[in-house]
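Now for the letters of each chain:
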Amino acid sequence: MTGLLALERCPLCERAAADASPIYAPRGGVAIDRCRGCGLAFASHYAASAVIGADYAARADRDVDPEPGAAASGERPGVARRRVQLRLYDRLSRGRIGRPHPGSRALDVGCNTGLLLDALRELGYVTAGIERSPAYHLAAAAGHAIVQADIEEADERGDRYDLITITHVLEHLARPVAALRWIGRHLADAGLAVIEVPNFADLARPLWGAAYRPLELGDHLIFFERETLQAAIERAGLRVLELWSAPQTATMVFPSALTAVDLGLGLARRLRGRGAPTIERDVAGPSGLDRSARVRGGGRLSAIVEPMVAALGSLDALLERGFGAECRWGANLVAIVGR
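An account of the accompanying structure is given in this report. Note that the structure is predicted; figures quoted are calculated from it, not measured. (Residues numbered from 1 in each chain as written. Predicted model: local features only at pLDDT ≥ 70, side-chain atom pairs only at ≥ 80, totals over all residues. Heavy atoms only, no water.)

### What to know about the environment of arginine 96
- Note on placement: arginine 96 falls in the loop between α3 (79-92) and β6 (105-109).
- For arginine 96, a relative accessible area of 43% puts it in the partly exposed group.
- Along the sequence, arginine 96 and glycine 191 sit 95 residues apart, while their C-alpha atoms lie 9.6 Å from each other.
- Each residue touching arginine 96, except ones within four places of it in the same chain, is listed here: Asp90, Tyr125, Ala190, Leu192 and Leu241.
- Within polar-contact distance, the side chain of arginine 96 engages the backbone oxygen of alanine 190 at 2.9 Å. (Helix = DSSP H or I, 4+ residues; strand = E, 2+ residues; numbered from the N terminus. Buried < 20%, exposed > 50% of the residue type's maximum accessible area, 1.4 Å probe, protein only. Contact = heavy atoms within 4.5 Å. Polar contact = N/O pair within 3.5 Å; in protein donor to acceptor, adjacent residues only side chain to side chain.)

### Remarks on empty space enclosed by the protein
- Per the counting criterion, the structure on display carries one cavity of 30 Å³ or more.
- Computed from the structure, the largest cavity encloses a volume of approximately 100 Å³.
- Around the largest cavity, the lining comprises 14 residues; the ones closest to its centre are Pro198, Asn199, Phe200, Pro214 and Leu215.
- Of the residues belonging to the lining of the largest cavity, the class tally is nine nonpolar, two polar and three charged. (1 Å grid on protein atoms, 1.4 Å probe; cavity = no way out; pocket = protein on both sides within 12 Å on 5 of 7 lines; lining within 4 Å. Points joined across faces, edges and corners; volume = space filled by probe spheres on them. Nonpolar A, V, L, I, M, F, W, Y, C, P; charged D, E, K, R; others polar.)

### Some thoughts on the state of the cysteines
- Applying the stated criterion to the full structure yields zero disulfides.
- Cysteine 13 takes part in no disulfide bond, and the closest cysteine sulfur to it belongs to cysteine 35, at a distance of 3.4 Å. (Disulfide = S-S within 2.5 Å.)

### As for the nonpolar core
- In this structure, Leu170, Leu180, Ile195, Phe224 and Leu229 are the most contacted members of the largest nonpolar core, which totals 55 residues.
- It is helix α6 (residues 176-185) that contributes the most residues to this core, five residues altogether.
- In contact with phenylalanine 224, other than residues within four places in its own chain, are Leu40, Leu170, Glu171, Pro176, Val197, Pro198, Asn199, Phe200, Leu229, Ala232 and Leu333.
- By size, the runner-up hydrophobic cluster in this structure holds 20 residues, among which are Tyr89, Leu92, Ile97 and Ala106. (Core = buried A, V, L, I, M, F, W, Y, C linked by side-chain atoms within 4.5 Å.)

### Regarding the pairing of strand β13 (residues 332-338)
- Taking burial as the measure, the seven residues of β13 include seven buried ones, the bulk of the element.
- Burial of the side chains of β13 extends over both faces: Asn332, Val334, Ile336 and Gly338 are buried on one face and Leu333, Ala335 and Val337 on the other.
- In this sheet, β13 lies alongside strand β10 (residues 187-198) in antiparallel orientation, the contact comprising six bridges. In the sheet register, alanine 193 faces β13, and the bridge partner there is valine 337.
- Here five bridges tie strand β12 (residues 239-244) to β13, and the two strands are oriented antiparallel to one another. (Pairing = 2+ DSSP bridges.)

### With respect to the pattern of salt bridges
- Under the criterion given, the structure shown has 17 salt bridges.
- One salt bridge in this structure joins glutamate 75 and arginine 83, with 2.6 Å as the shortest N-O distance.
- On the basis of relative accessible area, arginine 83 is assigned to the partly exposed category, the value being 24%.
- Shared partners join several salt bridges into a network, and the residues in it are Arg15, Asp19 and Arg36. (Salt bridge = Lys/Arg side-chain N within 4 Å of Asp/Glu carboxyl O.)

### Digging into the environment of arginine 235
- As for its position among the elements, arginine 235 is in helix α8 (residues 226-235).
- A relative accessible area of 44% places arginine 235 in the partly exposed class.
- On a C-alpha basis, the gap between arginine 235 and arginine 181 in space is 8.6 Å, while along the polypeptide they are 54 residues apart.
- In this structure, arginine 235 is in contact with Leu12, Cys13, Val177 and Arg181, ignoring residues within four places of it in sequence.

### Here we look at α6
- Of all ten residues in α6, eight are buried, a share of seventy percent or more.
- By the burial criterion, the buried members of α6 are Pro176, Val177, Ala178, Ala179, Leu180, Trp182, Ile183 and Gly184.

### A short note on the environment of tyrosine 46
- Structurally, the position occupied by tyrosine 46 is in strand β5 (residues 45-47).
- C-alpha of tyrosine 46 to C-alpha of glycine 218: the two residues are 172 residues apart in sequence and 4.3 Å apart in space.
- Once residues lying within four places of it in the same chain are set aside, the contact partners of tyrosine 46 are Gly3, Leu4, Leu5, Ala6, Leu7, Ala174, Gly218 and Leu221.

In structure tokens form, the structure reads like this:
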């Protein structure tokens, strides 16, 4: 199957992938199975990292289009949303993240263009990032140090950090426990790590099945739930201090809306005789995964979406009070972790 790699073992317990239970039949050549040993949900196949990197670089190019008012403020598009992320992480850390001591160092693993690093620098951190895709050029241009490291390898070298963030990255990795061990080795003695991943127990996912946009078949390899994320962290020898999965309004609304649009665009393509996009064909292309049957973010669209996300976010506190911070079906899982 051109452009796709088969997963041979469960990424968490290393049980043979062929012994897993099916959850979703193959879609575009990728099925989702559940390990009979540890319960982790994972993809049968995934795209090579070079293909994924090219796709993320293309997204980064779109994201640099200025939003109204951004040029006047000197702020890069998307930083405001990263500040909201940091406020959540700070609350979950009981104020430790938002009040760094002088000289505190922060590392963002999978920093992409460095927007979260921009927000961390505002708090007073000395910032660095790791990024495999060509998007790291934009992070470097914004003044952040770029660290060359493969976090799935047993690398003892390098600095220690007071804060390490790895947000929506762990689900892409074939060796998540090795990556978490790397994070543990590079945390300062009293340092914290923030791990954020999509939640496979998301309430909307069963409504859409394998077509659900956040599953990102071919891109995402692992589909965590509360128990399996905690198990991965503990296998790495780290401590879970907080594990949050409260529902949020934007993540309840936008993924389903985008999935519906994706399906509509795919149907329109078939009716026009162009055929439905498949991962087998898409990954063979020079620019990575085909997103042509999707609404794309970034640029001018962000100028519309960002205010909507902010408005919906005003309801999040009510949702959290109503359903609790440990609600199983929130769209994202956030773990605050220590050594």
